[in-house]
Each structure stands twice: as structure tokens, then as C-alpha cells.
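Read off the chains here:
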Amino acid sequence: MMKKFFLIFSILISFLILGCQSEHIKGFIVFGKWDGVYVAKKDDPFVLNFILLSESPLTNVTSIDFPEISHAIEDMQYDLIEGDKYKDFQLFNIAVNLRLKEVSSATLSKITLIFDQKYKETFPIGQIKLAVDEKGIFTPQNEYVTAYPNTQFFQAKLKNISKHTIQIKRVTVENTYLQTKDVKINDKSEKQSVRSNETINMYFTFADKTEQNAHFYIVTPKIEYELAGKVSSTYIDPVFYNVTNLTKEKLDDILKQN
């Protein structure tokens, strides 16, 4: 499912993998800001995108790093992908596959670009919380949408793969700037029982938590449920918002806020 998202986004910006040439860092570089909560299943990589605008071609970027969690990274691959020109800037996407060591969570707020294997510059990227969840109660059915153009709604068909009937108590997201509203399960209130192997349709919209916002979002819906009198929680697969909709207004906002 995540591979499909990468394909869509790569086609959108008509990608070109860049080579590496010797050229000292120059010009203005700015990254779009993320508000992300990314909960992955154990042993699955975190699949991330970082969108930036640069006055220089970045042909001398020889590696990247996430300084806050470099000690916890087990394996990382990345591609620096060139997109379209915008005003006096070049649009880029850094597509990353990241695996963590034996840690349950980590937070990214900075990315470091290394130029010519020696010069470094660190940039803010908002905030992305990474976490690992070993258990899964619900699994997506049919075509689970992993990329939406705008933060308007979430919808999915989900199956209870546990052996138990559970009582859904609440559906939330843990993002800094977003919260759920108007949650419906099978067009009814979110608080209802779901039998073992039963499939449900979940739908909700978003409300802003604050007046602030981010350019891009990763949302991992959290389902709180009750089983045998005990309240627990489980996560659904993560969803990306706003990445496939790089409008002029959004690019101007990225430039304006930095």
C-alpha cells in the first residue's frame, strides 16, 4: 500500500534521480513542515517524504542524517528526487525508508544535509513522532487509501481480526494540530460493539486543535476499545495528507514561513 503512495507522488513531481557532483553548498534551502504521528507494525520500515525548495541544484548532497535519532537508526535508504521549477526555486523530495533499532518510539524535528561528505547544514521539518505497535486488532479491507490531497476526512473499511467482540469507545488522532470530529461507524455513533471477523465502515472529519497548522500531515488513527472490562487501544495503518496536492499557495506558504 505504501509503495502505491510513492508511485503516485513520484509521478506527480515528474521525478529525476540526481547524481552527485562536487559543488559547495549555496543558496537558500527551505523544508515544508510536518505534523506527523506514524505508528508502524514491528519490522516494517517508516516510509517518509520531505519536501523542500532550493535555489541551488543540490547535486553535491552526499548523504542525510536525522541528528536527534541517529543513534537509534538501524538502516536507512533515501532518494533525492528533483521536481518542477517554482519561481526561482527547484522543488525536491527526499524519499526515505527508515528502520529503527530496538526502540519503541522516536521524534524527528530536524534533518541534516551533508554536502561533499564534509559540509553539514541542519533544517527544521516540523515534527514527526515515530512509534512501533506490535498488536493489531483491525486490518484494512479492499483499497485502503494512504494518501489524501487535503485534510478533510478519513474513511476506511476495517475488519476485526481478533477472536473477540470488542466495544469501541473512541476514535482519535494524536497529531499536534488535528483532532477527530463526527466519527461514524457504519453511519452510527462510534461507540458500538464489533464482533470477531466483522467488517465495519469508519468515517470521520478533522477539526483544528489550534490556529497553527502544518504543510503536510501523517495521521495514524487510534481506536480505543473495551474487552472484558479492560480498556485498550490499537492503531490503523498511517495515512498521508497534503503531499499529493502541491499547489502554488502551499509552496508560497512554505517560502513565507521560513
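Each value, and the rule that gives it
- Residues numbered from 1 in each chain as written.
- Predicted model: local features only at pLDDT ≥ 70, side-chain atom pairs only at ≥ 80, totals over all residues.
- Heavy atoms only, no water.
- Core = buried A, V, L, I, M, F, W, Y, C linked by side-chain atoms within 4.5 Å.
- Buried < 20%, exposed > 50% of the residue type's maximum accessible area, 1.4 Å probe, protein only.
- Domains from an automatic or database assignment.
- Contact = heavy atoms within 4.5 Å.
- Pairing = 2+ DSSP bridges.
- Helix = DSSP H or I, 4+ residues; strand = E, 2+ residues; numbered from the N terminus.
- Patch = residues over 30% accessible without salt bridge, like charges linked within 9 Å, V, L, I, M, F, W, Y side chains within 5 Å.
- Areas by Shrake-Rupley, 256 points an atom, 1.4 Å probe, with all protein chains shown as cover.
- Salt bridge = Lys/Arg side-chain N within 4 Å of Asp/Glu carboxyl O.
- Lys, Arg positive; Asp, Glu negative; His and termini not counted.
- Charge placed at Lys NZ, Arg CZ, Asp CG, Glu CD.
- Phe/Tyr/Trp six-rings, centres within 6.5 Å; stacked < 30°, edge-to-face > 60°.

K.L.:
Explain the nonpolar core to me, please; I cannot follow it from the model alone.
P.N.:
Ranked by internal contacts, the top residues of the largest apolar core, which has 44 residues, are Phe31, Leu48, Phe50, Ile94 and Leu130. Both domains that furnish three or more residues to this core are identified here as domain 1 (29-133) and domain 2 (138-241). In this structure, Ile94 is in contact with Phe31, Leu48, Asn49, Phe50, Leu52, Ile64, Tyr78, Asp79, Leu80, Ile111 and Leu113, ignoring residues within four places of it in sequence. Formed by 28 residues, the second largest nonpolar core is a distinct cluster that contains Val171, Val183, Val194 and Ile223.

K.L.:
I would appreciate a short explanation of the pairing of strand S5 (residues 73-86) in the present structure.
P.N.:
On a regular strand, one side chain projects to one face of the sheet and the next to the other, so that they alternate. In terms of strand pairing, S5 meets strand S6 (residues 89-100) through 11 bridges, oriented antiparallel. If you follow Asp79 over to S6, its bridge partner there is Ala95. Here S5 hands over to S6 after 2 residues, with Lys87 in that stretch at a positive phi of 55°.

K.L.:
Just checking my understanding: could you explain a negative patch on the surface for this structure?
P.N.:
On the surface, Asp43, Asp44, Glu74, Asp75, Glu102 and Glu134 cluster together into a patch of negative charge. Tracing the backbone shows Asp75 in strand S5. With relative accessibility at 31%, the residue Asp75 sits in the partly exposed group.

K.L.:
I keep staring at the packing of aromatic side chains and nothing clicks. Help me out?
P.N.:
When we look at a pair of aromatic rings, we describe it by the centre distance and by the angle of the planes. For the coordinates displayed, the defined rule picks out 14 aromatic pairs. Ring geometry for Tyr38 versus Phe240: centroids 6.1 Å apart, planes at 90°, classification edge-to-face. With Tyr38 in strand S2 (residues 34-41) and Phe240 in strand S20 (residues 239-241), this pair connects stretches of sequence that are 202 residues apart. Here Tyr38 matches Phe240 in class, with each residue buried. Their ring planes at 70° and their centres at 6.1 Å tell us that Tyr144 and Phe154 sit as a pair that is edge-to-face. Taken together, the positions of Tyr144 in the loop between strand S9 (138-140) and strand S10 (147-148) and Phe154 in strand S11 (residues 153-160) put the pair 10 residues apart, joining distant regions of the chain.

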